[in-house]
Amino acid sequence: MSAVVIVGAQWGDEGKGKVVDLYAPYAELVVRYAGGANAGHTLVVRGEKLILHLIPSGILHEQTKCVVGQGTVIDPAVFLDEIRALEARGLGTEGRLLVSQRAHVVLPHHKLIDGLREAKSGGDIGTTKRGIGPCYEDKVARRGIRMGDLLDSARLRTKLEANLECWRPVAEDLGGTLPSADDIVAQYGELGQALRAYIGDAAEVIRASIEAKEKILLEGAQGTMLDIDNGTYPYVTSSNAVAGGACAGAGIGPTDIGIAIGIAKAYTTRVGGGPFPTELEDDTGQQLRDAGAEYGSTTGRPRRCGWLDLVALRHAVAVNGLSELALTKLDVLTVLPELKVCVAYELDGKRLAYPPYERIEEVTPIYETLEGWDEELTSCRGRGDLPAAAQRYLEKIELEVGCRVGVVSVGPDREDTADLQDPFVG
Ligand code: IMP
């Protein structure tokens, strides 16, 4: 088994970036498999912050190769900006970063339509307005533009003209005007040339890596509850964020993956609209937001905050086949004297262990209260260093969801981590 998949176990923003950065030194290859620039993976190294939207978080380790797979949607200008930001920090990417020629391109009109739809609905879904939904719509409708198309301007123009015709009535209906094919061909053709060295057959690189028995980390984006099939539809993103999405998104088989690690925050957050049973719209929610700096890394929006939802987490363990959980931001809970965890939902007088897909808005969370702690956790490096109440919090999670907690993050920096182990050892 050569691959480990890292997946968000909640509604995104669980801290996947930090965990992938911690695990990357154990891997030869890191592959991002889904989503686009809607993601924002925050990395803090020696107090310096870097946010990556598209390039895998493994890129900070100079010996690690990084691939952006065919399951992603790419805004080429964002991709180029990230390459330049890394170069400005002295981190070269050429020769160790590749984006699949089959990844779909997010075009200006995808972002336009995404924004106009949000405005029309009053921000019902609350998308990131990065054009993700419309781009995946084009992919599924088999009329999308792919990264490889950017390298051939005649092919780009032909496909683009047909594509724009499909969107014209939609844009007009929403009161918008599409950009011209000429403008897009000029701008995106140029971006394609600037990225030429980075566009290639990612699936082949991944296959060769598997054949060479290299260790591969598959980096998910968003989270299980935002997955198009397994999340709180329609309040979801437009891709398969779950571990299963890694197979199609990277171009590998399920037997290539040995271990699935779910990243979960020690409490729950959500950005945008949609059901959130354990949401706290009171002072405690605000305390979590302040202590955890819960503002979106892509859009800056305040995140909705709430108690840890073990029903949602149990669901994540099941649909991702999780081998282990990595728990982040445990230190943030130090601000609270007592902690609640949601162990089940109640609906129509029945106790539910798993979320009811269609009626999650209607459930009442059933809580258990656990004792808090007031010791600083940031210097803890092993589970045994944690205060007894924090250890009991972890044990409660393990007991309720049936999955062990491995690594625990106790602060934003790389160093602020307890029980870091080689994820490939399992
Ligand atoms: P979209 O992916 O921009 O279409 O947004 C759909 C939903 O997913 C919205 O509720 C977004 O706030 C949410 N979302 C998308 N990407 C992320 C992410 O990386 N973290 C958290 N929420 C996200």
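Anything mentioned here points back to the structure above.
For the structure given in this document, a descriptive report is provided here. Quick caveat, the model's predicted, so the values are computed rather than measured.

1. Section: the overall build of the protein
Of regular secondary structure, the protein possesses 11 helices and 20 strands. In terms of overall dimensions, the protein is globule-like: its C-alpha atoms have a radius of gyration of 21 Å, near the 22 Å expected for 426 residues. The C-alpha extent of the protein, read off along each of the three principal axes, is 65 × 50 × 40 Å. For the protein, the residues scored as buried account for 60% of the 426 residues in total.

2. Topic: the nonpolar core
Grouped together as the largest cluster of nonpolar side chains are 59 residues, with contacts concentrated most on Leu218, Leu325, Leu330, Leu333, Tyr393 and Ile397. With 6 residues, helix H11 (residues 388-401) is the largest single contributor of residues to this core. Among the domains, domain 1 (3-101 + 198-260) and domain 3 (263-418) are the pair contributing at least three residues each to this core. Excluding anything up to four places from it in sequence, leucine 325 contacts Ala9, Gly262, Ala264, Leu313, Ile397, Val401, Cys403, Arg404, Val405, Gly406 and Val407. Counting 56 residues, the second largest nonpolar core, distinct from the first, contains Leu43, Leu86, Ile145 and Phe424.

3. Quick look at the pattern of salt bridges
Per the stated rule, a full pass over the model turns up 25 salt bridges. Among the salt bridges present, the one from arginine 303 reaches aspartate 13, with a minimum N-O distance of 3.2 Å. Within this pair, whereas arginine 303 is found in the loop between helix H9 (283-291) and strand S13 (304-306), its partner aspartate 13 is found in the loop between strand S1 (3-8) and helix H1 (16-23), the two being separated by 290 residues in sequence. When its relative accessible area of 7% is taken as the criterion, arginine 303 is described as buried. Overall, the relative accessible area of 24% leaves aspartate 13 in the partly exposed class. Salt bridges sharing common partners tie together Asp13, Lys265, Glu294, Arg303 and Lys329.

4. Re the sheet that holds S1
Reading across the sheet, the 10 strands line up as S9-S7-S5-S2-S10-S1-S11-S15-S19-S20 and stay open at both edges, with mixed pairing between neighbours. Unpaired on one side and paired on the other, strand S9 (199-200) and strand S20 (417-418) mark the two borders of the sheet. Pairing geometry for strand S2 (residues 29-32) and strand S10 (residues 216-219), over 4 bridges, is parallel. Bridge pairing links valine 30 to leucine 217 in S10.

5. Some remarks on the state of the cysteines
Summed over all chains, the structure comprises 0 disulfides. Note on cysteine 66: no disulfide assigned, nearest cysteine sulfur contributed by cysteine 247 at a separation of 20 Å. Note on cysteine 135: no disulfide assigned, nearest cysteine sulfur contributed by cysteine 166 at a separation of 14 Å.

6. Some thoughts on empty space enclosed by the protein
In this approach the atoms are scanned with a rolling probe the size of a water molecule, which exposes any empty space left behind. Under the defined criterion, the tally for this structure stands at 1 cavity of 30 Å³ or more. Put simply, the largest cavity is a space of about 50 Å³. Met225, Asn230, Gly231, Thr232, His315, Pro355, Pro356, Tyr357 and Ile360 together form the lining of the largest cavity. Classifying every residue of the lining of the largest cavity gives 5 nonpolar, 4 polar and no charged. Among the domains, domain 1 (3-101 + 198-260) and domain 3 (263-418) are the pair contributing at least three residues each to the lining of the largest cavity.

7. Focus on the packing of aromatic side chains
Here the structure, examined in full by the defined rule, presents 2 aromatic pairs. With centroids separated by 5.6 Å and ring planes inclined at 40 degrees, the aromatic side chains of tryptophan 11 and phenylalanine 276 adopt a geometry described as tilted. Note that tryptophan 11 is positioned in the loop between S1 and H1 and phenylalanine 276 in the loop between strand S12 (268-270) and H9, a separation of 265 residues in sequence. Where tryptophan 373 meets tyrosine 393, the ring centres are 6.0 Å apart and the plane angle is 70 degrees; that geometry is what we call edge-to-face. Residue tryptophan 373 is located in the loop between strand S18 (364-371) and H11, and its partner tyrosine 393 is located in helix H11; the two are separated by 20 residues in the primary sequence. On the basis of relative accessibility, which here comes to 5%, the residue tryptophan 373 falls in the buried class. Take tyrosine 393: its relative accessible area is 2%, and that puts it in the buried class.

8. With respect to the site of the ligand
Taken together, the neighbourhood of the ligand is formed by 15 residues, with Asp13, Asn38, Thr128, Thr237 and Val271 sitting nearest. Take threonine 128: an N or O atom from its side chain is 2.6 Å from an oxygen atom of the ligand. A distance of 2.6 Å separates an oxygen atom of the ligand from a polar side-chain atom of threonine 237. Considering the ligand on its own, with 470 Å² of exposed area, one finds that the protein chains cover 96% of that surface. Of the residues in the shell around the ligand, the class split is 6 nonpolar, 7 polar and 2 charged.

9. Describing the side chain of threonine 93
Checked against the element boundaries, threonine 93 lands in the loop between helix H2 (76-88) and strand S7 (97-100). If we skip the residues at most four places from it in the chain, threonine 93 touches Ile59, Ile83, Leu86, Glu87 and Tyr198.

10. A few points about helix H10 (residues 310-320)
Of all 11 residues that make up H10, 9 are buried, and the element is covered over most of its length. Buried within H10 we find Leu310, Val311, Ala312, Leu313, Arg314, His315, Ala316, Val317 and Asn320. If you check the start of H10, you find a side-chain oxygen 3.0 Å away from the backbone N of valine 311, and it comes from aspartate 309. With its phi angle positive at about 60 degrees, glycine 321 sits one or two positions after the end of H10.

Definitions and cut-offs
- Residues numbered from 1 in each chain as written.
- Predicted model: local features only at pLDDT ≥ 70, side-chain atom pairs only at ≥ 80, totals over all residues.
- Heavy atoms only, no water.
- Helix = DSSP H or I, 4+ residues; strand = E, 2+ residues; numbered from the N terminus.
- Rg over C-alpha atoms; globule rule 2.2 N^0.38 Å.
- Buried < 20%, exposed > 50% of the residue type's maximum accessible area, 1.4 Å probe, protein only.
- Core = buried A, V, L, I, M, F, W, Y, C linked by side-chain atoms within 4.5 Å.
- Domains from an automatic or database assignment.
- Contact = heavy atoms within 4.5 Å.
- Salt bridge = Lys/Arg side-chain N within 4 Å of Asp/Glu carboxyl O.
- Pairing = 2+ DSSP bridges.
- Disulfide = S-S within 2.5 Å.
- 1 Å grid on protein atoms, 1.4 Å probe; cavity = no way out; pocket = protein on both sides within 12 Å on 5 of 7 lines; lining within 4 Å.
- Points joined across faces, edges and corners; volume = space filled by probe spheres on them.
- Nonpolar A, V, L, I, M, F, W, Y, C, P; charged D, E, K, R; others polar.
- Phe/Tyr/Trp six-rings, centres within 6.5 Å; stacked < 30°, edge-to-face > 60°.
- Near = heavy atom within 4 Å.
- Polar contact = N/O pair within 3.5 Å; in protein donor to acceptor, adjacent residues only side chain to side chain.
- Areas by Shrake-Rupley, 256 points an atom, 1.4 Å probe, with all protein chains shown as cover.

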